Each structure stands twice: as structure tokens, then as C-alpha cells.
Amino acid sequence: ISMYKAIFNDAGKPVGLVGLGIYTEGIVEDLDQRNTKITSDSQYYMVDVHSKKYVFAQNKELMNTVIDENASPEFNKLAEELAATTENKSGTFTFKRDGKSYYGIYSYLGYMGQVFIIDGNSSELFKLPINMLIFLIVFTIIYIIIAIFFYNLVKKQEETVYKLDK
């Protein structure tokens, strides 16, 4: 990734360039070491929203290639929204890839026109919350059944005590 900016003197004439070059290979290696796998087929990548090219990606074959317009219309819509602003933004979006539903988290660097995304398969990503919801529903039903059982038990004991008091 390279960024350069012109330097101007007081008269507005260009006097030189200042810039910065970052090797994406180091960024990719660092991300690989940080365990960014949130699902079995999750990916991370940075995309230039103006050219719709991968700046870097977990899959090294994608680097510097253009995103297929037809493959992800949801991403193209997001890229167009982000390209229209220079504000930094972050958020989430859903999209389909290879017939599967994915959930992506993004962070947009407006001054660079690049978005960093980590995505994951929605069914795997939300598997734990769904399982927890099922567990809570089953637990609640069992709790209600036990509560009704003890209510009836106490009610019968009260009736027995009431009959003995007569």
C-alpha cells in the first residue's frame, strides 16, 4: 500500500512529494497470527471502494484483483455508499457467497477510500445464540412444569391440613 502527497511552498508551487509505503505481506502475516478465524470459512480482506480491488486478502490469490460485480451485489451497494463519503465508518452487512449467507463486519477508512472486512458464515456465527435460545426455552418449560407440580403438591398439603384441623 502506498500513499503520497504533494508538498507546496507558500506560493502554491509543488516542491516535492512525501509518502509512505507499507508492505501488505506483513499485515497479512500479523492478521494470520491473531486468529481472525471466527467461523470455519471466515475471511478478512481490505478493498479499495473506488476501484473495487482487493488491497490485501487472506486468500493471497485475490490480492490486486477486481471484485466480481455479479458475485456480491450487497458488497457493491456497500462500496458505492462508502465511496460517496470521506468519513470513517464501521458497521455490519449481510451478503451471499457461493449460495451461503454471510455476515460481515467492516471498518471504512474514508481518507484512504478503503474498507477492512472480516466475514463469517451466518449459520455458524449465530449457532451459539440459537442454541442458547433453544436451551432457555426448554429450561423455561421444565421450570414451569416443576413449578406447577410443586404448586399442586402444596395445594394438596394445605387441603390435608385443613381437613385435619376440622
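Above this text is the structure in question.
Worth saying up front: this structure is predicted, and the values here are computed from it rather than measured.

Describe in detail the packing of aromatic side chains, supporting the description with residues and values.
One pass over the full model with this rule turns up 7 aromatic pairs. With a centroid separation of 5.4 Å and 70 degrees between ring planes, the pair formed by Phe149 and Phe150 is classed as edge-to-face. Each member of the aromatic cluster is reached from another via a ring pair, and the members are Phe75, Phe93, Phe95, Tyr102 and Tyr106.

Hey, could you go over the side chain of Lys52 for me, with residue numbers and the actual values?
Tracing the backbone through its elements, the reader meets Lys52 in the loop between strand 3 (43–48) and strand 4 (53–57). Aside from chain neighbours lying at most four places away, what touches Lys52 is Val47, Thr65, Val66, Ile67, Glu69, Asn76, Ala79 and Glu80.

Give a detailed account of the sheet that holds strand 3, specifying residues and quantitative values.
Spatial ordering of the open sheet is given by 4-3-7-6-5, a layout of 5 strands whose pairing is antiparallel. Strands with a single pairing partner mark the edges of an open sheet, and in this sheet they are strand 4 and strand 5 (89–97). Strand-to-strand, the axes of this sheet are offset by a mean angle of 30 degrees, without reference to chain direction. Pairing analysis gives 6 bridges linking strand 3 to strand 7 (residues 114–121), with the strands arranged antiparallel. When the bridges of strand 7 are listed, Val47 appears paired with Val115. Sitting on the sheet, helix 2 (residues 73–83) is in contact with strand 3, strand 5, strand 6 (100–109) and strand 7, with an inclination near 155 degrees to strand 5.

Calculation notes
- Residues numbered from 1 in each chain as written.
- Predicted model: local features only at pLDDT ≥ 70, side-chain atom pairs only at ≥ 80, totals over all residues.
- Heavy atoms only, no water.
- Phe/Tyr/Trp six-rings, centres within 6.5 Å; stacked < 30°, edge-to-face > 60°.
- Helix = DSSP H or I, 4+ residues; strand = E, 2+ residues; numbered from the N terminus.
- Contact = heavy atoms within 4.5 Å.
- Pairing = 2+ DSSP bridges.
- Axes fitted to C-alpha atoms, helices over the stretch in contact; angles between N-to-C directions.

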